[in-house]
Amino acid sequence: YSGKKTMATVTESMMNLKVKDFQSVPVVVAENMTVYDAICHMFLEDVGTLFVVDDHGFLQGVLSRKDLLRTSIGSQDLTKIPVHIIMTRMPNIVYCKKNDSLILAAKKLIERQVDSLPVINEKEEGIEIIGRLTKTNITKAFISLADTHDL
Ligand code: ADP
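Keep in mind that what you see is a predicted model, and the values were worked out from it rather than measured. (Residues numbered from 1 in each chain as written. Predicted model: local features only at pLDDT ≥ 70, side-chain atom pairs only at ≥ 80, totals over all residues.)

## Concerning the sheet that holds strand β4 (residues 88–89)
Okay, so step 1: Spatial strand order, β1-β2-β3-β4: four strands in an open sheet with mixed pairing. Looking along the sheet, the strands with just one partner apiece sit at the ends: β1 (28–30) and β4.
Okay, so step 2: In terms of strand pairing, strand β3 (residues 59–64) meets β4 through two bridges, oriented antiparallel. Bridging across to β4, V62 finds its partner in T88. (Pairing = 2+ DSSP bridges. Helix = DSSP H or I, 4+ residues; strand = E, 2+ residues; numbered from the N terminus.)

## Looking at the site of the ligand
Okay, so step 1: Lining the immediate environment of the ligand, one finds 15 residues, of which S64, R65, K66, T88 and D115 sit closest.
Okay, so step 2: Those elements giving two or more residues to the shell around the ligand turn out to be β3, α3 (65–72) and β5 (116–122).
Okay, so step 3: Among the residues making up the shell around the ligand, the classes are represented as five nonpolar, six polar and four charged. (Near = placed C-beta within 6 Å. Nonpolar A, V, L, I, M, F, W, Y, C, P; charged D, E, K, R; others polar.)

## With respect to the pairing of β5
For a regular strand, side-chain orientation follows a simple rule: the groups alternate between the two sheet faces.
Okay, so step 1: A large share of β5 lies buried, amounting to five of its seven residues.
Okay, so step 2: Bridge count between β5 and strand β6 (residues 127–134): seven bridges; the pairing is antiparallel. In the strand pairing of β6, V119 is matched with G131. (Buried ≥ 20, exposed ≤ 12 C-beta atoms within 10 Å, placed from the backbone.)

## A short note on the packing of helix α4 (residues 102–111) against helix α5 (residues 135–148)
Two quantities define a packed helix pair, namely the angle between the axes and the distance from one axis to the other.
Okay, so step 1: Where α4 meets α5, the closest approach of the two axes is 10 Å, and the angle between their N-to-C directions is 140°. Judged by the angle between their axes, α4 and α5 are oblique. In the packing of α4 onto α5, the handedness of the crossing is left-handed. Contacts between α4 and α5 pair L102, A106 and L109 from the former with K135, I138 and A141 from the latter.
Okay, so step 2: Grouping the constituent residues of the contact of α4 with α5 by class yields five nonpolar, no polar and one charged. (Axes fitted to C-alpha atoms, helices over the stretch in contact; angles between N-to-C directions. Parallel < 35°, antiparallel > 145°, perpendicular 65-115°, else oblique. Left-handed = near helix turned anticlockwise from the far one by under 90°. Contact = placed C-beta atoms within 7 Å.)

Here it is, written out as structure tokens:
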């Protein structure tokens, strides 16, 4: 078996991995949800990142575990603070699209030092969220490559 040939086919299938084949379901919350409720939501939904949407369901912000922790160590009443006060907001959000290569998305995760990217669909009225791409998805893709090629 040629090592060179194996390398070429692994490289080719790696370049062909797409965001849409590995993305997870996005979990979204409303801008006026309280920080307290967002923490409960994050536990119940078992995700590390919540996407914040406006009344039309369009992307406005991102909430990470540390955003919620940072707010929780203050002496503020978490049932009184809406998440839009503490979220990272547009235009600072890093995102990807369903047909992007997984490599491109992985680079964004590492370069921007975030755990997850919203998978979005840009419309004239706003940004629709159609998925969530996390470091776990990248790790699963890595394993799928190994499985495909019997590595
Ligand atoms: P954690 O803060 O729990 O380690 P992250 O590394 O994902 O999780 O988040 C770090 C910071 O970056 C947080 O303030 C968060 O709001 C923000 N953030 C998370 N994901 C994104 C994203 N896709 N685009 C822009 N900012 C993000």
